[in-house]
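Here is what each chain is made of, one letter per residue.
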Amino acid sequence: MKKRLALLVLLLVPLAIWAADPAFDTYAKATGAVTIDSVFDGTYWEVVDNIIYTTTDAACVVFTIKGVALMDPGDKLWLGIGNDSLPLVSGAFATRAIDSMLIKHSLTERDKAYIPFEFTAILDTTAATDTIFFSAACGGHGDADPVELTNVFVTVEIGDDMP
Amino acid sequence: MKKRLALLVLLLIPLTITWAADPYFETYAKATGAVTVDSTFDGPNAYWEVVDNIIYDLTDGSTGDDATLVYTISGVAIMDPGSKLWLGIGNDTLKIGSVVFGKRNLDSMCIKHGLSERDRKYVPFSFSALQDTTGNIKDTIYFTAACGGYGFFDPVYLTNVVVKVEIGDDMP
């Protein structure tokens, strides 16, 4: 009986730890200032930063990239979030397999604009350790003006699996 | 002996759950609301007007460990052509007369609305800074702001300002 109870204790402790598994975790990284000078060409984009997360259970993972874009009239900024990369001749490039978005400062504007942005994508996942790439491109379709980003900040928030 | 072991089981379960579920992940938040920023920017090394502050506490024993803190200030800036808004996050202050000014030693940023624009603009913003810290710390974080600078003195109105401190595990 004593042995059984001792075994029960040994079993229950890890079970209790598992049950109390901290499903809520946040990873964050201050990237700071970046110049995006890789021109949009429809495929892989320049990697701005990456962040590694680990979940021990089914989870809803929220990726966010935010900052301020300094854009001249006519500038375009493409932002992407993905988990696939390709090393090219110089630097790492990544697909924006999870989501992407475009910010455009119209050519008819007369001044440089400071555009604060916040871009979020969601991924439902099972237990995993993965690297998420935040990628960006500028211009495209004949335009090649670089875009400066300041105060870039990336976060990964892990929540319980969505019902 | 059986009773003791049974008691041990009953004690260990909640203790283990409490320990394992240790709230490394904690959020402090404060709705500041509407603010007029009329303190003029006077240089990158000076102290700025405090918009709000928030206190976080890692001294309660359960979170006495290395942690990554994410500070965020979000809201909407109402800006006239030529207006500039400077935002800062820091943990150091200076009292000048009866007014407390804060340093933005953790991070700062600038939002500018071009002088050649023709209309007032509503600029939503979300600004974050990061700090790695060890446990057993209770600290006050100051959200500071300044407007204009370099000859401009236009105040900037902020609405829906919310400040937040998120405490997470130490980053790998």
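Structural data are supplied above this passage.
Predicted model, so just to flag it, every value in this text is computed and none were measured.

(A) Summary view of the overall build of chain A. Each helix and strand counted, chain A has one helix and ten strands in total. Listed by position from the N terminus, the elements making up chain A come as α-β-β-β-β-β-β-β-β-β-β. Sequence separation of at least 24 residues holds for 83% of the intrachain contacts in chain A that already meet a minimum separation of 6. Accessible surface computed for chain A: about 8000 Å², of which carbon and sulfur atoms make up 57%.

(B) Looking closely at the packing of aromatic side chains. Per the stated rule, a full pass over the model turns up eight aromatic pairs over all chains. Measuring from centroid to centroid gives 3.8 Å for Phe41(B) and Trp86(B), while their planes differ by 10°, and the two rings are stacked. With Phe41(B) in the loop between β1 (26-37) and β2 (48-57) and Trp86(B) in strand β4 (residues 84-90), this pair connects stretches of sequence that are 45 residues apart. Per residue, the accessibility class of Phe41(B) equals that of Trp86(B), and both read buried. Taken together, the ring pairs in this structure connect Phe40(A), Trp45(A) and Trp78(A) into an aromatic cluster.

(C) Representation of a negative patch on the surface in the model. On the surface, Asp57(A), Asp124(A), Asp160(A) and Asp161(A) cluster together into a negatively charged patch. Structurally, Asp161(A) can be placed in the segment after β10 (147-160).

(D) Up close: the nonpolar core. By size, the foremost hydrophobic cluster in this structure holds 40 residues, and its most contacted members are Tyr56(B), Tyr71(B), Leu85(B) and Leu158(B). Once you skip the residues sitting within four places of it in the chain, Tyr56(B) turns out to touch Tyr28(B), Leu69(B), Tyr71(B), Gln131(B), Ile137(B), Lys138(B), Asp139(B), Ile141(B), Val165(B) and Ile167(B). Judged by nonpolar contacts, the second largest core, of 31 residues, contains Tyr53(A), Ile65(A), Ile81(A) and Phe117(A).

Reading the values: the criteria
Residues numbered from 1 in each chain as written. Chains lettered and ligands numbered in written order. Predicted model: local features only at pLDDT ≥ 70, side-chain atom pairs only at ≥ 80, totals over all residues. Heavy atoms only, no water. Helix = DSSP H or I, 4+ residues; strand = E, 2+ residues; numbered from the N terminus. Contact = heavy atoms within 4.5 Å. Areas by Shrake-Rupley, 256 points an atom, 1.4 Å probe, with all protein chains shown as cover. Phe/Tyr/Trp six-rings, centres within 6.5 Å; stacked < 30°, edge-to-face > 60°. Buried < 20%, exposed > 50% of the residue type's maximum accessible area, 1.4 Å probe, protein only. Patch = residues over 30% accessible without salt bridge, like charges linked within 9 Å, V, L, I, M, F, W, Y side chains within 5 Å. Salt bridge = Lys/Arg side-chain N within 4 Å of Asp/Glu carboxyl O. Lys, Arg positive; Asp, Glu negative; His and termini not counted. Charge placed at Lys NZ, Arg CZ, Asp CG, Glu CD. Core = buried A, V, L, I, M, F, W, Y, C linked by side-chain atoms within 4.5 Å.

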